Amino acid sequence: MGVRTWLWLWVLLVLGAVCGLAESSCQLLETLTSQSLYKEGDVIIGGLFPVHLQPPEPSLDFTQRAALLQCQKQNNYKRCTGAGNREGPCCQPVKLQVSYFATCACLGDRQKYPTFFRTVPSDAFQARAMARMLRLFGWTWVGVVMGDDDYSKSGIQLLLEELQNSQVCVAFSEVIPKVNLEKSIPRIVAMLRQSTAKVIITFAIATDMHVLLSEVLRQNITNKQWIATESWITASFISSPENLASMSGTIGFALRKGNLQGLRSFLTRFQPKDLPSDPFLQEFWEVIFGCSWKNDPSPSLSAMPHCTGYESLDNIENIYTDVSQLRATYSVYKAVYAIAHAIHNMLSCQPGDGPFENGGCPDVTNLQPWQILHYLHTVNFTTPVGEATHFDENGEPPAAYDIINWQVGAHGTLEFVRVGQFDSVDGSHSEFDIDVKRVVWGGGQKEVPMSVCSMPCPPGTRKAVQKGKPICCFDCLPCAEGEISNTTGSTECQKCPDRFWSNAARTTCIPKEVEFLSFQEIMGIILAALSVSGVVLTTSVLATFFFHRDTPLVRANNAELSFLLLLSLSLCFLCALAFIGRPTPWSCMLRHTLFGISFVLCISCVLSRTVVVLVAFRASVPGSNIMRYFGPVQQRLAISLCTSVQVLICVLWLVLSPPIPAEVQGRSARIILECDVGSGAGFACVLGYIGLLAAICFLLAFLARKLPDNFNEAKFITFSMLIFCAVWITFIPAYVSSPGKYTVAVEIFAILASSYGLLLCIFAPKCYIILLRPDKNTKKKMMAK
């Protein structure tokens, strides 16, 4: 019980106490009853219908007889006359069982309302239809306006439940109050104008919407898409011509329309003389014809013609005679006929075959509510327009709505155009159908309006919710490399499968490029050219030494050892070519073994030369015969022994875990083809052995660098080994840090650099003397200190 109710009870108690103290009695002067129509019959069916718009504020001083209520007039007599003529509304207290306009979903609770039926769909279906519409048109950023009553709040709550998992956000939510409208309504409309939401969902009765839309018209807001409920989508006093500028394009759900044959002729034959006791007809007559029954000389009434009662309704074109939008009236029709069919079925009951105990039938002269309840549950009939009418276990009818669009007609008037329908087949499965091409949208647009907080993310991007804002407000971030999104509005990017990568736009996965150092690319060509040039240069040196093999310089440097060194250098240059091209099992094994063996052979030759130089000067001491242990045979054996160790390492490597082609994908757009070393220990042993020999050679050459000689071989060897070691020491970090095919390029560069270093440092000075300074190529010059 509300505060206001308790307050008036308290006032009544105080008044009673005051009356008692004054020793005078307070009497109830009169019991007011609502005006009603009544007609006798064998079975009386009662009906409650609104006739007036709003009651006046009553006088509550309780000191005089209350005057009859004078309501604001509303042309809503059609619904009353239609039902009243068939059964006659009754002023007796009755329990309303079948509703034609109560849509609250709460009334479907059979525990609370076991005897309630209705011929109008529950708001749960209308909320479901609204949700389907929002999802269909991608409206995720909407404003909500509701009335301050149970109908509105319950409907919005049902809608929000339907939208729980649809990622639809409410930009603003406003309640149309019942009081203090002068301040509240302008504020609400100002909020509506400022909001970026283009779609406005309404759940309010027609009178509340009339107040709101009057302010919308005053502020000239024309760029909003209004979504209406069945309560006002076909309301005549809202769909007036002056509202067309703001409300054209409104779309909403209306009760299913029915065509009742003969209704217009029935409505237009009324005359007051035929129904003199009807308390509403005279008032209705004054509204329709703009006349007055009173002979009052007052200025306000003297301008109005006198009602004769013989005026004809045949020539009247207004909402009363318009039977093109029979929606609530059609719902009344179904309610009356549902009861009529239930009564008919009761009257048709045969004793012994009845539905009650012992096959009993109900006593029609003394009907009980539970008996009517049983027969209403079994009602199933088809209306003249072909619509099946029945009730489910909760007293609910099949839900059906027409989707209505407000459009401007040929004559500039507003037309209710049916553009679709919503039907609930079994309460859970629903069919939504709308002809989008026929719809005119808010502001007269032909295209579906956009109502989003953020524009949908294009393909190639994903949503990222903005901190502190609703889920509908987001930024669009590009997908990471290797991920794509190929639809608009993606929340996540998808990873590309193996061997595929994202394109530049991040919209599709394309096959990865296979990358290896090939002979067709510039870097491969340059390295191959350097390798071939090294072979050519080494061959030229070899030819020079061969043609001058009898000269003192060549003979003094051990021609056989020089030829073997040049041959090994040629192999070093050639092995670089094995690293270029698509890796295959044979090329992978060849490149590493050829590299390891050729360099060991080369370093062994240099080491042998270094030892010979060092021993030769030590042997110059009188009485020393050490040189006999370092003759050509011993040199060949030493070189063969050193090389054999590397050959053994390579054989073990190839047998146990050889290098094989491998694909390296990782997080890149390329598949890198390379030679996996197989055994890391084998590869380390090959490099380590080369490094060991190079270090020994460098150490010995360094010790012999200052030996007295006109042509000091040890100095050149020292310098060449210095370059060799520097190249391979810097090679290690460069090799590890280089990506893809550049790893192979670094290795080739190290091979070529060290080979060129050995060739030029050791043989360039000799070729200079042989070719350009033959005067120094004599025994005397060679023996000079």
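Residues numbered from 1 in each chain as written. Predicted model: local features only at pLDDT ≥ 70, side-chain atom pairs only at ≥ 80, totals over all residues. Heavy atoms only, no water.

Chemist: Where do I start with the confidence of the model for the chain in this structure?
Modeler: Parts of the prediction with low pLDDT should not have their coordinates interpreted in detail. In this model, the chain carries a mean pLDDT of 82, and residues with pLDDT of at least 70 account for 84%. Contacts for the low-pLDDT stretch residues 1–25, under 50 throughout, to residues beyond four places or in other chains number seven contacts. With pLDDT under 50 throughout, residues 81–88 is counted as low confidence; its partners more than four residues away or in other chains account for 18 contacts. (pLDDT = per-residue confidence, 0-100. Contact = heavy atoms within 4.5 Å.)

Chemist: In this structure, what is going on with the sheet that holds strand β12 (residues 430–434)? I would like to understand it.
Modeler: What holds strands together in a sheet is hydrogen bonding between their backbones, with the strands either parallel or antiparallel. An order of β4-β3-β5-β6-β7-β10-β11-β12 is seen for the eight strands of this open sheet, with the pairing classed as mixed. With one partner strand each, in any of the chains shown, β4 (169–176) and β12 form the two edges of the open sheet. The average angle at which neighbouring strand axes cross in this sheet is 25°, direction not considered. Sheet analysis places strand β11 (residues 414–424) next to β12, joined by five bridges and oriented antiparallel. Across the sheet, Gln 421 pairs through a bridge with Asp 433, a residue of β12. Contacts from helix α6 (residues 206–218) reach β3 (141–147), β4, β5 (199–203) and β6 (225–228), with the element oriented near 175° to β6. (Pairing = 2+ DSSP bridges. Helix = DSSP H or I, 4+ residues; strand = E, 2+ residues; numbered from the N terminus. Axes fitted to C-alpha atoms, helices over the stretch in contact; angles between N-to-C directions.)

Chemist: For this particular structure, what's the right way to read the nonpolar core?
Modeler: Side chains of nonpolar character tend, in soluble globular proteins, to be buried together. Judged by nonpolar contacts, the single largest core of 61 residues is most densely connected at Met 721, Phe 724, Trp 728, Ile 748 and Phe 763. Of all elements in the fold, only α13 (522–547), α14 (552–556), α15 (559–578), α16 (585–618), α17 (632–656), α18 (680–703), α19 (713–737) and α20 (741–772) reach the threshold of two or more residues within this core. With 14 residues, α20 is the single largest residue contributor to this core. Counting residues in hydrophobic clusters, the runner-up holds 36 residues, among them Phe 125, Val 144, Met 146 and Ile 403. (Core = buried A, V, L, I, M, F, W, Y, C linked by side-chain atoms within 4.5 Å. Buried < 20%, exposed > 50% of the residue type's maximum accessible area, 1.4 Å probe, protein only.)

Chemist: Looking at this model, I keep getting lost on the environment of Val 744. Mind explaining?
Modeler: Along the chain, the position of Val 744 falls in helix α20. Here the alpha-carbon distance between Val 744 and Phe 516, two residues 228 residues apart in the chain, equals 8.6 Å. Excluding anything up to four places from it in sequence, Val 744 contacts Leu 517 and Phe 579.

Chemist: How should the state of the cysteines be read in this particular structure?
Modeler: Here a disulfide denotes one covalent bond, and it connects the sulfur atoms of two cysteines. Taken as a whole and assessed by the stated rule, the structure comprises nine disulfides. Here Cys 453 connects covalently by a disulfide to Cys 473, the sulfurs 1.9 Å from one another. For the disulfide bridge between Cys 453 and Cys 473, the dihedral angle about the S-S bond is near 100°, and by the sign convention the bridge is right-handed. Highlighted residues: Cys 453 in the loop between β12 and β13 (461–465) and Cys 473 in the loop between β13 and β14 (474–478), separated in sequence by 20 residues. Exposure remark for Cys 453: the relative accessible area of 27% places this residue in the partly exposed category. On the accessibility criterion, Cys 473 (3% relative accessible area) is buried. (Disulfide = S-S within 2.5 Å.)

Chemist: Can you walk me through a nonpolar patch on the surface in this structure?
Modeler: On the surface, Val 647, Leu 648, Val 651, Leu 652, Val 655 and Leu 656 cluster together to form a nonpolar patch covering roughly 580 Å² of accessible area. Inspection of the secondary structure assignment puts Leu 652 in helix α17. For Leu 652, a relative accessible area of 46% corresponds to the partly exposed category. (Patch = residues over 30% accessible without salt bridge, like charges linked within 9 Å, V, L, I, M, F, W, Y side chains within 5 Å. Areas by Shrake-Rupley, 256 points an atom, 1.4 Å probe, with all protein chains shown as cover. Salt bridge = Lys/Arg side-chain N within 4 Å of Asp/Glu carboxyl O.)

Chemist: How should I be thinking about the pattern of salt bridges in this particular structure?
Modeler: Side-chain pairs of opposite charge can arise whenever the charged atoms involved come near each other. Going through the model one piece at a time under the given rule, you end up with 18 salt bridges. Residue Asp 208 pairs with Lys 178 through a salt bridge whose shortest N-O separation is 2.7 Å. Highlighted residues: Asp 208 in helix α6 and Lys 178 in the loop between β4 and α5 (181–194), separated in sequence by 30 residues. On the basis of relative accessible area, Asp 208 is assigned to the buried category, the value being 8%. In this structure, Lys 334 and Glu 387 form a salt bridge, with 3.4 Å as the shortest nitrogen-oxygen distance. Separated by 53 residues along the polypeptide, Lys 334 in helix α11 (residues 328–347) and Glu 387 in the loop between β8 (380–382) and β9 (388–390) bring together distant segments of the chain. Of the residues examined, Glu 387 reaches a relative accessible area of 16% and is grouped as buried. Through salt bridges with shared partners, a single ionic network connects Arg 256, Arg 327, Asp 402, Arg 418 and Asp 423.

Chemist: When you look at helix α3 (residues 123–137) in this model, what are you seeing that I'm missing?
Modeler: An α-helical turn contains 3.6 residues, so a residue and the one three or four places further along point in the same direction. The end-to-end C-alpha distance of α3 is 21 Å, a good match for the 21 Å that 15 residues give at a rise of 1.5 Å each. Of all 15 residues making up α3, eleven are buried, and the element is well covered by its neighbours. Every buried residue of α3 is listed here: Asp 123, Phe 125, Gln 126, Ala 127, Arg 128, Ala 129, Met 130, Ala 131, Met 133, Leu 134 and Phe 137. Within two residues after α3, Gly 138 carries a phi angle of roughly 70°, on the positive side. (Expected span 1.5 Å × (residues − 1).)

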